[in-house]
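Summary of structural features
Residues per chain are reported as follows:
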Amino acid sequence: MKSFYSNSKIYIATAGLVSTPGLWWLTATKDDVPRLESPPAEHMAPEPGPSKEDVTHILSKEAYSFQVRDISGVKRYDGVQLASNSPCEDRFIHGKLSSPWNENDQWMSWAVFDGHSGWQTAELLTKQLLPFVRRRLSETQPPSNEPVPNESVQRAIMKGFVDLDDSIIKTAEDTSNSKESFQDKVKKLTPAYAGSCALLSLYDPITSTLHVACTGDSRAVLGQKGSDGKWEAIPLSVDQTGSNEEETTRISKEHPGEENIAKNGRVLGLMVSRAFGDSLWKWPLDFQKEMKRKFNGPAPLTPRYDVRTPPYLTAEPVVTSTKIDPTKPSFLILATDGLWDYLSNKQGVDLVGNWDRGEKKSEPEPTDRQFDYGRFWDDVDWKFVEERTTTQDDNAAVHLTRNSLGGNHHELIAGRLAFDPPFSRRVRDDITVQVVFFNAEK
């Protein structure tokens, strides 16, 4: 009898143990453990570098193209993005929107956002910049029976940019002291820790006017065909960096007595002189230290840099307004600096202008001795070279990207694409390109 009760207790205890969550393995009968044996390889067989077909796939997998049928003056636009960072820090938007002054009239917008120190600020811009700008535009009342002056449009766009950056930077203190959960505060602060350039274009078909707003070093260029058949490159933005003398002069005047703000082409270590986010260049030093202590934010710029009177950066854009001549074929190139690292304005316009003829060029790649990157300092130019031009893509943005990275020199372009993150960042940046055709010949 004693033996029966003892066995019963053991059975009951075991049953209870088996039913305990997490101990299902006591009753498991199938062995799902993976086996690792494999015959030893006589020779290492790593994955080969990109073939010509692979190069085309990599370049075009994020490409898009849209025909525009109901916006006067716009025929088509192409776009592409090629990541180097993981995840990509660039972002973009494109499409139609209602006119700020008449819901029945349609405008178009294209924009690229070049993030740095993360993607979070650029991501926020894709959702919030256009609404902020549009709200300021809607507050600008047009004169009776007349278009809104370009100067008024420009001021409204500038205010929209600044409003959004203020909401990112100046509300951080409110977030820090709010009763929100710690994790919610951290998420809300990340767009301030990271940064982003912004290049926004707005096209008003009623007046055939293209407004372009630039904060940072992404670039907009208009290609316009002259009566002689040649393409003219018209810059619609100027890179705002520590190498831009007008920018460094402006910053020096805003901070008299601080001689080393702009040095070696950078603003206290940062390449661009205007940007969204980048709170370390905008917050007071005491607040930077507080955010580091409370939220493990980025370390303050001191003592590496002499921070006395922030803010040193602004998100206020420089805005241009350009009348698109309906009698001349023209197109707009918008791109982050990952493209312009390799191309001049004129080279980019010529590439698209020649592509627009519709002629396919599939030249043999140059015969050359064995290639390596050390030859960049010898006899292989790492930037665009006209002799390496190839025309094989149906998308103008892909065409620009391919030729900027090597064109018909397969080893050069495939070698650049063979690098995976984070090593790819040593040979190329994130690249985002949009090409808009206004009065196309096609």
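Residues numbered from 1 in each chain as written. Predicted model: local features only at pLDDT ≥ 70, side-chain atom pairs only at ≥ 80, totals over all residues. Heavy atoms only, no water.

Here the focus is the overall build of the protein. Of regular secondary structure, the protein possesses twelve helices and 15 strands. Contacts spanning at least 24 positions in sequence make up 71% of the contacts within the protein whose residues lie at least 6 apart. Just so you have it, the protein exposes about 23600 Å², and 52% of that area is on carbon and sulfur atoms. (Helix = DSSP H or I, 4+ residues; strand = E, 2+ residues; numbered from the N terminus. Contact = heavy atoms within 4.5 Å. Areas by Shrake-Rupley, 256 points an atom, 1.4 Å probe, with all protein chains shown as cover.)

Leu 129, Ile 157, Phe 161 and Phe 276 are the most contacted members of the largest nonpolar core, which has 35 residues in total. Broken down by secondary-structure element, the contributors of at least two residues to this core are strand 3 (90–98), strand 4 (106–116), helix 3 (120–138), helix 4 (150–169), helix 6 (182–193), strand 6 (198–204) and helix 8 (285–295). Val 80, Trp 231, Leu 400 and Ile 413 belong to the second-largest nonpolar core, a separate cluster that totals 30 residues. (Core = buried A, V, L, I, M, F, W, Y, C linked by side-chain atoms within 4.5 Å. Buried < 20%, exposed > 50% of the residue type's maximum accessible area, 1.4 Å probe, protein only.)

As a further point, take helix 6. Think of an α-helix as turning once every 3.6 residues; residues three or four places apart then point the same way. For helix 6, spanning twelve residues, the distance from its first C-alpha to its last is 16 Å, which sits close to the expected 16 Å at 1.5 Å a residue. Regarding helix 6, the residues found buried are Lys 185, Leu 189, Pro 191, Ala 192 and Tyr 193. Tucked inside the fold, the buried residues of helix 6 contact helix 3, helix 4, helix 5 (172–177), strand 5 (195–196), strand 12 (276–277) and helix 8. (Expected span 1.5 Å × (residues − 1).)

By the element assignment, Ser 273 lies in the loop between strand 11 (266–267) and strand 12. Engagement of the side chain of Ser 273 in a polar contact is seen with the backbone nitrogen of Thr 241, the distance being 3.4 Å. (Polar contact = N/O pair within 3.5 Å; in protein donor to acceptor, adjacent residues only side chain to side chain.)

A surface patch of like charges, here negative, comprises Glu 47, Glu 53, Asp 54 and Asp 420. The topology assignment puts Asp 54 in helix 2 (residues 52–60). (Patch = residues over 30% accessible without salt bridge, like charges linked within 9 Å, V, L, I, M, F, W, Y side chains within 5 Å. Salt bridge = Lys/Arg side-chain N within 4 Å of Asp/Glu carboxyl O. Lys, Arg positive; Asp, Glu negative; His and termini not counted. Charge placed at Lys NZ, Arg CZ, Asp CG, Glu CD.)

This paragraph deals with the sheet that holds strand 15 (residues 431–437). Across the sheet, which stays open at both edges, the six strands sit in the order 1-2-15-14-8-9 with antiparallel pairing between neighbours. Bordering the open sheet on either side are strand 1 (64–67) and strand 9 (231–235), each of which pairs with just one other strand. Put simply, the sheet's adjacent strands are angled 15° from each other on average, direction ignored. The pairing of strand 2 (residues 76–82) with strand 15 spans seven bridges and is classified as antiparallel. Within strand 15, the residue paired with Gln 81 across the bridge is Thr 432. Across the sheet, helix 11 (residues 396–405) is in contact with strand 2, strand 14 (330–335) and strand 15; its angle to strand 15 comes to roughly 135°. (Pairing = 2+ DSSP bridges. Axes fitted to C-alpha atoms, helices over the stretch in contact; angles between N-to-C directions.)

Using the criterion set out here, one finds 20 salt bridges in the structure. Between Glu 123 and Arg 91 there is a salt bridge, with its nearest N and O atoms 2.6 Å apart. One end of the pair, Glu 123, is in helix 3; the other, Arg 91, is in strand 3, with 32 residues separating them in the sequence. Residue class for Arg 91 comes out buried when judged on its relative accessible area of 19%. Across the pair Arg 274 and Glu 247 runs a salt bridge, and its minimum N-O distance is 2.9 Å. Of this pair, Arg 274 sits in the loop between strand 11 and strand 12 while Glu 247 sits in helix 7 (residues 245–254), and the two are 27 residues apart along the sequence. Side by side, Arg 274 and Glu 247 carry an identical accessibility label, which is buried.

The next subject is the layout of surface pockets. By volume, the largest pocket amounts to about 730 Å³. Forming the boundary of the largest pocket are 31 residues, of which Met 271, Asp 337, Asp 341, Arg 425 and Asp 429 lie nearest the centre. Of all the elements in the fold, those that place two or more residues in the lining of the largest pocket are strand 4 and helix 9 (337–340). In terms of residue count, the dominant contributor to the lining of the largest pocket is strand 4 (three residues). A per-class count over the lining of the largest pocket returns eleven nonpolar, seven polar and 13 charged. (1 Å grid on protein atoms, 1.4 Å probe; cavity = no way out; pocket = protein on both sides within 12 Å on 5 of 7 lines; lining within 4 Å. Points joined across faces, edges and corners; volume = space filled by probe spheres on them. Nonpolar A, V, L, I, M, F, W, Y, C, P; charged D, E, K, R; others polar.)

Turning next to the packing of aromatic side chains. For any pair of aromatic rings, geometry is given as the distance between the ring centres together with the angle between the planes. In the structure shown here, the tally under the stated rule is 15 aromatic pairs. Ring geometry for Tyr 64 against Phe 92: centres 5.3 Å apart, planes inclined by 20°, an arrangement best described as stacked. Highlighted residues: Tyr 64 in strand 1 and Phe 92 in strand 3, separated in sequence by 28 residues. Taking the relative accessible area as the measure of exposure, Tyr 64 reaches 12% and is therefore buried. A centroid spacing of 5.7 Å and a plane angle of 25° characterise the contact between Trp 355 and Phe 437, whose relative ring orientation is stacked. Here Phe 437 lies in strand 15 and Trp 355 lies in helix 10 (residues 345–355), a separation of 82 residues in the sequence. No difference in accessibility class separates Trp 355 from Phe 437, as the two residues are buried. By way of ring pairs, the aromatic residues Tyr 64, Phe 66, Tyr 77, Phe 92, Trp 110, Tyr 203 and Phe 438 are connected into one cluster. A cation sits over an aromatic face here: Arg 135 above Phe 132, 4.9 Å from the ring centre. (Phe/Tyr/Trp six-rings, centres within 6.5 Å; stacked < 30°, edge-to-face > 60°. Lys NZ or Arg CZ within 6 Å of the ring centre and 35° of its normal.)

With that settled, the discussion passes to helix 7. Every buried residue belonging to helix 7 is among Glu 247, Thr 248, Arg 250 and Ile 251, and all of these are buried. Projection of helix 7 onto a plane perpendicular to its axis shows the buried side chains occupying an angular sector of 160°, all on one side. Residues of helix 7 that are exposed and point over 90 degrees away from its buried face: Glu 245, Glu 246 and Lys 253. (Arc of directions from axis to C-beta.)

Let us now look at the confidence of the model for the protein. Mean pLDDT over the protein works out to 90, with 89% of the residues at or above the 70 mark. Scored below 50 in pLDDT, residues 1–5 shows zero contacts in the model against residues more than four places distant or in partner chains. Here residues 8–18 is modelled with pLDDT under 50, and outside its nearest four sequence neighbours on either side it reaches five contacts, counting other chains as well. (pLDDT = per-residue confidence, 0-100.)

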